[in-house]
Amino acid sequence: VHERVRGVTSDGVLYSANDPHLLRWVHVAEIDSFLAAHQRFGLDPLDQHDRDAYVADTAKIARALGVPRVHVMAGLQPPGVPLADCLDTYVSNICWAADQFGEAGIDVMLEPINTKVDVPGYVMHSTADAVDCMRRASRPNIRLQYDVYHMQRMEGNLIHTMRRLQDRIGHV
């Protein structure tokens, strides 16, 4: 299938679905998308044990594909649930994910996302939140995915922040 998908973008750049970097990205993105779709539309949603097993299996697949890092999203704050409770759950989840992916030599990335424009209600929306989650989780393979677009919208002062956190940033 991938061999047939190729072409030229509107600005003249050649692309191919067989590009190894693109294939790794697609397979990693499938982890969350497949699980979310199954949970929402599947006839038999997975219980916590089976969801955990699914993620553990994806760590093995990611390692086989040579994926160096995975992005673990914080999600949206459910109505009526205090933000502190959401962050506590997220820290618990990233600890578990970091242990699973760490065994495969893969970093877990935390990304604060702006709530002003793009994702209102997103749980982790500041660099301080991300750093605090990293501190609380205390796993060597948890890194900051620093998205300059989102953090400019939320905080500004990008260069100072990036310099201050350069040892914690795993991807920009």
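Presented here is a report on the structure given in the accompanying data block.

Thresholds, definitions, all that
Residues numbered from 1 in each chain as written. Predicted model: local features only at pLDDT ≥ 70, side-chain atom pairs only at ≥ 80, totals over all residues. Heavy atoms only, no water. Core = buried A, V, L, I, M, F, W, Y, C linked by side-chain atoms within 4.5 Å. Buried < 20%, exposed > 50% of the residue type's maximum accessible area, 1.4 Å probe, protein only. Helix = DSSP H or I, 4+ residues; strand = E, 2+ residues; numbered from the N terminus. Pairing = 2+ DSSP bridges. Right-handed = clockwise from strand over helix to strand, strands pointing away. Contact = heavy atoms within 4.5 Å. Expected span 1.5 Å × (residues − 1). Arc of directions from axis to C-beta. Polar contact = N/O pair within 3.5 Å; in protein donor to acceptor, adjacent residues only side chain to side chain. Salt bridge = Lys/Arg side-chain N within 4 Å of Asp/Glu carboxyl O.

1. Considerations on the nonpolar core
- The biggest cluster of nonpolar side chains holds 37 residues, and the ones touching the most others in it are Phe101 and Leu110.
- Residue assignment for this core shows that the elements contributing at least two residues are helix H2 (48–65), helix H3 (83–102), strand E4 (107–110), helix H4 (127–137), strand E5 (142–145) and helix H5 (148–154).

2. Digging into the pairing of E4
- As paired strands, strand E3 (residues 69–71) and E4 are joined by three bridges and run parallel to one another. From the neighbouring strand, Arg69 faces E4, where its bridge partner is Asp107.
- As a crossover connection, the stretch from E3 through H3 into E4 is right-handed.
- Of the crossover connections in this fold, the one passing from E4 over H4 to the parallel E5 is right-handed.

3. Overview of the side chain of Asn114
- Take Asn114: it is sitting in the loop between E4 and H4.
- For Asn114, a relative accessible area of 0% corresponds to the buried category.
- Excluding residues within four positions of it along the chain, Asn114 makes contact with Val119, Tyr149, His150, Arg153 and Met154.

4. Observations regarding the environment of Leu43
- Its place among the elements puts Leu43 in the loop between helix H1 (20–41) and H2.
- Along the primary structure Leu43 and Gly75 are separated by 32 residues, whereas in three dimensions their C-alpha atoms are 23 Å apart.

5. What about H2?
- Spanning 18 residues, H2 covers 26 Å between terminal C-alpha atoms, matching the ideal 26 Å at 1.5 Å per step.
- Within the sequence span of H2, burial applies to Val55, Ala56, Thr58, Ala59 and Ala62. Looking straight down H2, one finds that the buried residues subtend no more than 155 degrees of arc, so they occupy a single side. The exposed residues of H2 that point more than 90 degrees off its buried face are His49, Lys60, Ile61 and Ala64.
- Looking at where H2 begins, the residue whose side-chain oxygen comes 3.2 Å from the main-chain nitrogen of His49 is Asp47.

6. Observations regarding the pattern of salt bridges
- Applying the stated criterion across every chain, the model contains four salt bridges.
- The partner of Lys60 in a salt bridge is Asp57, and the shortest N-O contact between them spans 3.8 Å. Residue Lys60 and its partner Asp57 are located together in helix H2, separated by three residues, close to a single helical turn.
- Residue classification places Lys60 among the exposed residues on the basis of a relative accessible area of 58%.
- For Asp57, a relative accessible area of 41% corresponds to the partly exposed category.

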